[in-house]
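# Descriptive analysis of the structure
Each chain, written out:
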Amino acid sequence: MPFFCYLQEIQKRWYTVSCDFYTGVRSEKVEEMRAKLADGVYLTCLPARKFKTSLLSAQFVVPLRADHAAVHALRPAVRRRGTVRFPDLSALSAELDRLYGAQIDYTVRKKAESHCIGFVASFIDDAFVPGGEKLLEPAASLLGELICSPVTRNGRFLPEYVEGERVNLIDAIRGILNDKRDYAELRLLQEMCSGEPYGVSRFGDEKSAEKVSPQRLYAGYAELISTARLELFYSGSAAPERVRQALLDAFSTLPREGVRPVPETLPHAARAEVKCVAESMDVTQGKLGMGFSCGSDDFPALLLGNTIFGGSSNSRLFLNVREKLSLCYYASSVYHRQKGMITVSSGIEFENYQKACDEILRQLGAVQKGKLDEWEFTGARSTLRNAYASIGDSQAKLENFYLGQAATGQEESPEEMAAEMEATDEKRVFEAMETVALDTVYFLKGKESGE
Amino acid sequence: MKETFYERIGESAYRETLPNGLMVCVIPKPDYANSYAFFATRYGGMDVRFQQNGRWLDTPAGIAHYLEHKMFDTKEGNALQELAKNGAEPNAFTSNAMTGYYFDSTEHFEDNLKILLSFVSVPYFTQESVAKEQGIIGQEIRMIEDNPDWQIYTRMMHALYQKNTGRISVAGSIDSIKEITAQTLYDCHKAFYTPSNMILTVVGGADPVHVADLARSVLPREGGPKIPRDYGEEPEEIAQKETAAEMEVSMPQFLTGYKCVPAQDGEDYLRRSILGDLACDLLLGESSPLYLRLYSQGLINGTFGSAYEMMPGIACLYAGGDSKNSRAVAEEIQKEADRIAREGIDEEYYQRIRRAAFGEMLRDLNSFENIAVSVTEGYFHGFDALCFPQAFDSIQKDDVLGFLRENITRERAVLSEILPRK
């Protein structure tokens, strides 16, 4: 059924991003608006006048699964090659140039155990376009065409496009190896979450990428665009009604049938015994990854605890393992909310493996036992407040934040999350961090090293 | 303070040169939660030979970067920690010709600014702390040596330049940093971290007058003498045609570089930098016929990119990425440049590229960091970066054609490759 049949009332929610500087300047008041445009199609609209550009994004949210990841990753790349109206890169590029260097990038992201694939368009805001030309409508239309009217031949995608992008995808999958830090982080997740979707790379694996055919891609595509959740996002100076109308027109031929809910993410199943994995490669610096499972699901407490542990340049890992003991060049940790995990990533000298492991665990112990200075709490709170407040200053951050929320079924705004964090006391942080236990260790070492 | 309004980009700037020679520039951004401060000195990885008190000094490669690391140490502890306590995100970088210290924060901005100005202007090193840093920087050097992007760029610079110190890696080497002592760090700080060699740029909601007052109260009253530097007399010829190394990578990577004619400081510098970018877009940008052809043929992929870079006394244009046949790509780039040189540039195509390039420059103004770094670069090279639309308008099709004809030639080209280990 076509898209426009499902017009619904716009739900409004007000919130303010405000911050008092010493000079008393107040930041722009933002009116966030989320509207259901059709069955499983939502628009998040964030009006803002402060940017030089407008951002428009269209993202499908599907379950992240090992056997589908590569084919999903390939979809937007192939569609970015051409539409019925602009059938090749050359025609598409000329149109983007004409729109004052508008950009449309395909994106492949992993949000918890959801796979988000689509396009992000960015174009200069109407206020700065010479001659008062409007760019929102043509940009929205291009976005709609990339999704609803891809170029086809004999009822399937052009084989040369599929082949070209398949090779690019395989190169990208192999290319993860080039940055050893990224590689080690992915390997830790693969080992820790083996058997769970979270261990799957956003690009999928090489073998599945090799098997993709133009027929299979086209067949799956029709199903994807009619059944998957579609999240639309806009940030810029245009009035919400104009944005809504532009998107309704752009997506008027989008089929909608058998719409599926947003996939759920299951927390990581903690191991009884620590899993240790080591690999050798021709590198001069070792990479150590440590994965922890969290028994608690107290989100703000774990977020604060992790910030103190390794989540900022003022954290225990940074100040002690890096600065004080010079054990590594970098050491930081990430809290994976939906999975109930904390992962540590660090670069170390091969021979410091044991020392670094011990020290990282010792620092975690200090956070768990509450052996902290007062400033560590104020610092962590301040870091998180700053991070949440900064989201509204960047269109890319806003888009990424709201997509993450939508893909994991959350509804809090950055301000609400900041407020929850502020309301969390130290006792709750210690209690939550007490449940954090070592699960998996991954070590990338050099070929000549003795071990 | 003097206010300038830039109508074409909808921005204002407040500027003042303090009696000690420091330039203060504030660009108000009232609608943002964040404020960003960038405090920079005209001193970077290439400033290894300079004159102090009438004597020429040779300092170890990597010293500017080493100094940057050590500046965060204060008598009381560590400035990084102080800033992070206030929720600020502090960091610093050293490039070839500048060292910049910065933070952004949504609260306690003036407190943070005070900390920034103070730790950058007051050095505090001990022999022990300097020795300890060798471990950390040694690790950093090892990490970048494992990075193919760094290897390929550094090797290209070595192939392009024979003498200019821009060819030196900003971080130095494990051996060169061993020669650094607390005394050499103090000497370099004294020479280059004087207010008259620096600029403070603030982008955000801060009050310009407060910013200038703060700088006046925290920084030394006196500026310093102008420090003559020796970057080396660079001949026109490249150093070597090709360079290649093997690394643990999945696919060959390459950069093909062109040794370009350097620009003079002043308006010419800004104009030349825009001209170089336009030449990149026109010759091999994402919507150029060459890019589209190579992409369709599978000779390049999404990693392909290009840049035009300028440093004191040198300039280069380079392009590269992953490719299974880098030689063929390099050859195609040269052939396309030769074709354009022969046949000229199509008017419609030129207008299209021009339009897109303008949009791109405007887009860059979304980033506080971009704004601050451009303003700083402009100050060091004698131009106003926020006047880019005027400089842009002054460029004609024939200027770009002239640039390509002069610079993108076989004699000026080098090829740097990283190949997978067998």
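Criteria and cut-off values
Residues numbered from 1 in each chain as written. Chains lettered and ligands numbered in written order. Predicted model: local features only at pLDDT ≥ 70, side-chain atom pairs only at ≥ 80, totals over all residues. Helix = DSSP H or I, 4+ residues; strand = E, 2+ residues; numbered from the N terminus. Buried ≥ 20, exposed ≤ 12 C-beta atoms within 10 Å, placed from the backbone. Pairing = 2+ DSSP bridges. Axes fitted to C-alpha atoms, helices over the stretch in contact; angles between N-to-C directions. Contact = placed C-beta atoms within 7 Å. Nonpolar A, V, L, I, M, F, W, Y, C, P; charged D, E, K, R; others polar. Domains from an automatic or database assignment. Parallel < 35°, antiparallel > 145°, perpendicular 65-115°, else oblique. Left-handed = near helix turned anticlockwise from the far one by under 90°.

## Thoughts on the overall build of chain B
Broken down by element type, chain B carries 14 helices and 16 strands. By principal-axis analysis of the C-alpha atoms, chain B measures approximately 60 × 50 × 40 Å. Counting over 422 residues, chain B shows a buried share of 51%.

## A word on the sheet that holds strand β16 (residues 413-420) of chain B
Residue and element names in this part refer to chain B. Spatially, β12-β16-β13-β15-β14 is the arrangement adopted by the 5 strands of the open sheet, whose pairing is mixed. Among the strands making up the open sheet, the edge pair consists of β12 (242-247) and β14 (305-311). For this sheet, the mean inter-axis angle between neighbouring strands, taken without regard to orientation, is 15°. Relative to β16, β12 runs parallel, the two being bridged by 6 bridges. Bridge pairing in β16 places Glu-242 opposite Leu-415.

## As for the sheet that holds strand β9 (residues 89-94) of chain B
Residues and elements named next belong to chain B. As summarised here, the arrangement of the 7 strands in space is β1-β2-β3-β11-β4-β10-β9, forming an open sheet in which the pairing is mixed. Every other strand in the sheet has two partners, leaving β1 (2-6) and β9 as the edge strands with one partner each. In this sheet, adjacent strand axes meet at a mean angle of 15° when their direction is disregarded. With 6 bridges joining them, strand β4 (residues 35-41) and strand β11 (residues 198-204) adopt antiparallel strand pairing.

## Things to note about the interface of chain B and chain A
Contacts between chain B and chain A engage 61 residues on the former and 59 residues on the latter. At the level of secondary structure, the elements contributing two or more residues to the side of chain B that touches chain A comprise α2 (79-85), β9, α3 (109-121), α4 (127-145), α9 (289-296) and α11 (347-363) of chain B. Split by residue class, the side of chain B that touches chain A holds 22 nonpolar, 20 polar and 19 charged.

## Observations regarding the domain arrangement of chain A
Residue and element names in this part refer to chain A. One can read the domain layout of chain A as domain 1 (3-250) and domain 2 (275-446). A straight line from the C-alpha centre of domain 1 to that of domain 2 covers 29 Å. Listed per partner, the contact involves 31 residues of domain 1 and 28 residues of domain 2. Among the elements of the structure, β3 (41-47), β4 (53-63), β6 (114-124), α5 (180-192) and β9 (229-236) are those that each provide at least two residues to the side of domain 1 that touches domain 2. Ranked by residue count, the leading element in the side of domain 1 that touches domain 2 is α5, at 8 residues.

## As for the environment of Lys-397 of chain B
Residue and element names in this part refer to chain B. Within the secondary structure layout, Lys-397 lies in helix α14 (residues 397-407). Here Lys-397 falls in the partly exposed class, since 18 other C-beta atoms lie within 10 Å of it. Separated by 250 residues in sequence, Lys-397 and Asn-147 have C-alpha atoms that sit 38 Å apart.

## Considerations on the domain arrangement of chain B
Residue and element names in this part refer to chain B. When cut into domains, chain B gives domain 1 (2-218) and domain 2 (242-420). Spacing between the C-alpha centres of domain 1 and domain 2 amounts to 27 Å. Facing 35 residues of domain 1, the contacting portion of domain 2 comprises 30 residues. No other element matches the 9 residues that helix α5 (residues 148-160) contributes to the side of domain 1 that touches domain 2. Among the residues forming the side of domain 1 that touches domain 2, the class breakdown is 21 nonpolar, 9 polar and 5 charged.

## Focus on the packing of helix α1 (residues 63-71) of chain B against α4 of chain B
Residue and element names in this part refer to chain B. For the pair α1 and α4, interaxial distance at closest approach is 11 Å and the crossing angle is 110°. Judged by the inter-axis angle, α1 sits roughly perpendicular to α4. Handedness of the crossing formed by α1 with α4: right-handed. Residues Tyr-66, His-69 and Lys-70 of α1 touch α4, and the partners they reach there are Ser-129, Val-130, Glu-133, Ile-136 and Ile-137. For the contact of α1 with α4, the class distribution of residues is 4 nonpolar, 2 polar and 2 charged.

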